Structures are given as structure tokens and as C-alpha cells.
Number of protein chains: 2
Amino acid sequence: MPLRSDWSTEPCPVRRSLDVVGDPWVLLIVRDVLHGRGRFDQLRDGLGISEAVLSRRLAAMLDAGLLERVEYADGARTRQGYAATEAGADLLPVLQQLALWGERHTALPEGGAHMAMVHDTCGAETTRGEVCSACGAPLRPEHMTWVKPWLGRSDRLVGPGTLLG
Amino acid sequence: MPLRSDWSTEPCPVRRSLDVVGDPWVLLIVRDVLHGRGRFDQLRDGLGISEAVLSRRLAAMLDAGLLERVEYADGARTRQGYAATEAGADLLPVLQQLALWGERHTALPEGGAHMAMVHDTCGAETTRGEVCSACGAPLRPEHMTWVKPWLGRSDRLVGPGTLLG
DNA sequence: TTGCTCACTTTCTTCAGCGAAGTTACGCTG
DNA sequence: CAGCGTAACTTCGCTGAAGAAAGTGAGCAA
């Protein structure tokens, strides 16, 4: 399901990556899934995306190996949701780099606030997206918490295969 | 000139970034401009993008402060091209992160080859996109060379405001 | 059996992408 | 000076994706 032209066989790795993640929805879906919010309705409500587009993106992302299906309990029922694969979770540095760029180069909206990315392993806020600026360790989703003051909430990220009911 | 919905006033910095760079062409244009290839015809030929779309993207990127106009000499004439601003050049970590992800998680095409990102300051290939894995310094475009074996060529990147004639 | 939730799928309109052709500016050639 | 070439766009026509909203089906619960 190509977004536009097929760039999957380009020699340049940037272009091959963009063939898969060169759509804003894909990165936002990965972000939410890494927050453990991988149910269809959670994604729809959290992102404000049309159901048709969400459905198509999820199918493409399963196909590309960014997501996998996981089961969760809804009362007595078992339903299907989505979780990140290793490849999907490995997009964390890209997401955090985007967050850092956004903090540096876009204007905070009315009532907005700085989002801190805390490395739970060492307890410090990191000012880098790839390795912790405090302890130098490579950053993994399951060791990160995103502090979102505008929601009055801190969200712990989850590793590959994880979905919070 | 919004791509779709306007995300410029979202509280989440990831979303605000994607409002600006959430289009594959935008990142590819930044990449080529950071290689000094910021002329309209160079971008068109190098990217294989339609002229209409390129024109619209360049206008949006000027507007967003990613690019600025610079003059260059074409024989006796002075023409206008594009160069990265400080904000545009600061997308380098995002681009390099995408390149690294592509190398790890997408298949090398027939006749393809690994692309090395060399930090000219210390002379080593870096395996990270944000700070040099060899010397630890933050990576700036003007200190990087991208080695592209499939072209038999190494391209030195350029800093903000620079355009190679 | 009716209703409810969740996960989709279908339909319809609008808008963006792509390819190709046209336009403008300006210097160069004959 | 008339015509030509090149770079940088703009316009046009077609097609396909986005988005909004309504419809479908599966499995419970009352």
C-alpha cells in the first residue's frame, strides 16, 4: 500500500525509511502505540484521525512490520489491538528527535508547556533523543517517561509487544 | 500552507513538528539542500518530484523558516536558489536517525550498499545520528560527509545559508 | 430480541499529487 | 534587434487519497 511512489527499493536509506514512515499518521500511531494506547478506538480518539484512514494505515503498518496484533481483555471478551514490533519501537529516536526539534523551532501554543523526556533508569530528564544526555545509555521506550504538563500527566512508554488494556 | 489539518498549535511537540516536516518531500528537500543542491532544477531532477509540488513545498518551507533564498551565479546572471536556515540544518539529527533506521529495518536493494556517515572533525564513521559515536561531539552538517557507494561518491554536507553553485 | 461496544468497511465529496504544457525573465547568439 | 536557451515557476486535466459520516458484523449483556 504505497503512499505515493514506491521508494522501497531506493539505494538511499533516508528514502527507503520515508517509504514506510513518510506519513505523519504513521509516526503519530507509533507514538501512541509506544504509550500502550494501541486499541482502535484509543488511536481514533487520541489522534482525531478518520476511521477509514486509520484502518488503512494500520494495515500498511502491519504489512511493513512496524506493528503486530496483540490480544487484550474487554470484560469477558478477547479483542485485538496493536503493539509495536522491534522495528516500530526502534523509531523512538526519530520520535524523540522530532519532539526536541519541535521544542526548539516551533512556538509553544497558548497554555502549552515544555515536554520533558525522563530516562527512568537514571531518573534524569534527557536533552537528547538517542542516548541519555545524563547517563549516556541508549534510550529504550520501556525506560522512558514523557512528562506532559498540559495534560497534568506523565506517560510511561512501553516496549515492543506491549499493550495496556 | 497546511498539508492537511493545522497542527501548529498542538501542545505536543511531536505533532507540531509533523505539522512542518510531516511530508516526505520536505525532509528530502532538506536533505538535498544540506548537500548544497538547492537549485530548483537540481531539486527537481534529484528528487523526481513534480514541479508544481516542488514549488508549493518550497514556498511552504520558506514560510515555515526551514529554507531561505540565496543567490548564485549562472554565468553572468544572478539566480535565486535555496539554502537551509538554522532551523532547517537542525533537522540533520532527524535525517540521520531516519537513515540509520532505514539501514537497520529496510532491505538493501539489488546493487545497493551501506551508506556511511563520516564525522570529518574526527575522521570516524558515526553509528549515531545526533552525537558522534566516536568522539561524542554533536553532529553539525558542515562537519559531515555522507558516503554513497552506490553512486561511487562522497558528499560533504554544508551549513546553514550555503548553496553550491 | 434488543441494545451496546468495538473494529472495521463503504460511500461521497473535496483536495492534493503527478505529468505535461504554458509563462516569464534575462542573457546570449547570429 | 530577433530569435534562442535556460531556469524558475504556473496552469491544466486526470486520478487517487483524505476526511466526514453512515453502514456492517461479531460478541456479549439485560
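This is a predicted model, so every value here is computed, not measured. (Residues numbered from 1 in each chain as written. Chains lettered and ligands numbered in written order. Predicted model: local features only at pLDDT ≥ 70, side-chain atom pairs only at ≥ 80, totals over all residues. Heavy atoms only, no water.)

1. Re the protein's contact with DNA strand D
Surveying the vicinity of DNA strand D reveals 23 residues, the closest of which are A:R56, A:R57, B:E51, B:S55 and B:Y72. Within 4 Å of the protein, atoms of DNA strand D come from sugar and phosphate in 73% of cases. Separating a phosphate oxygen of DNA strand D from a side-chain N or O atom of B:Y72 is a distance of 2.7 Å. A distance of 2.9 Å separates a sugar or linking oxygen of DNA strand D from a polar atom in the side chain of B:R79. Breaking the surface near DNA strand D down by element, the ones donating at least two residues are α4 (51-64) of chain A together with α3 (40-47), α4 (51-64), β1 (67-74) and β2 (77-84) of chain B. Top contributing element to the surface near DNA strand D by residue count: α4(A), with 4 residues. For the surface near DNA strand D, the residue count by class is 8 nonpolar, 4 polar and 11 charged. (Near = heavy atom within 4 Å. Polar contact = N/O pair within 3.5 Å; in protein donor to acceptor, adjacent residues only side chain to side chain. Helix = DSSP H or I, 4+ residues; strand = E, 2+ residues; numbered from the N terminus. Nonpolar A, V, L, I, M, F, W, Y, C, P; charged D, E, K, R; others polar.)

2. What to know about the pattern of salt bridges
Oppositely charged side chains are able to pair whenever their charged atoms sit close together. Residues and elements named next belong to chain A. Taken as a whole, this structure holds 30 salt bridges over all chains when the rule is applied. One salt bridge in this structure joins R31 and D32, with 3.2 Å as the shortest N-O distance. Accessibility assignment for this pair places R31 and D32 in one class, buried. Within this structure, R31, D32, R37, K148, R153 and D155 form a network of salt bridges that share partners. (Salt bridge = Lys/Arg side-chain N within 4 Å of Asp/Glu carboxyl O. Buried < 20%, exposed > 50% of the residue type's maximum accessible area, 1.4 Å probe, protein only.)

3. Details of the domain arrangement of chain A
Residues and elements named next belong to chain A. Examined at the domain level, chain A breaks down into domain 1 (13-88) and domain 2 (91-156). A C-alpha centroid distance of 21 Å is found between domain 1 and domain 2. Contacts between domain 1 and domain 2 engage 11 residues on the former and 12 residues on the latter. Here domain 1 meets domain 2 over a buried area of about 870 Å², counting both sides, of which 66% is carbon and sulfur. Its largest share of buried area at the contact with domain 2, domain 1 owes to L27, L34 and H35, together 53% of the area lost on that side. Linking domain 1 to domain 2 there are 2 salt bridges. Of the charged contacts, one joins D155 and R37 as a salt bridge, the two residues approaching to 3.6 Å between their closest N and O atoms. (Domains from an automatic or database assignment. Contact = heavy atoms within 4.5 Å. Buried area = accessible area lost by both parts, 1.4 Å probe.)

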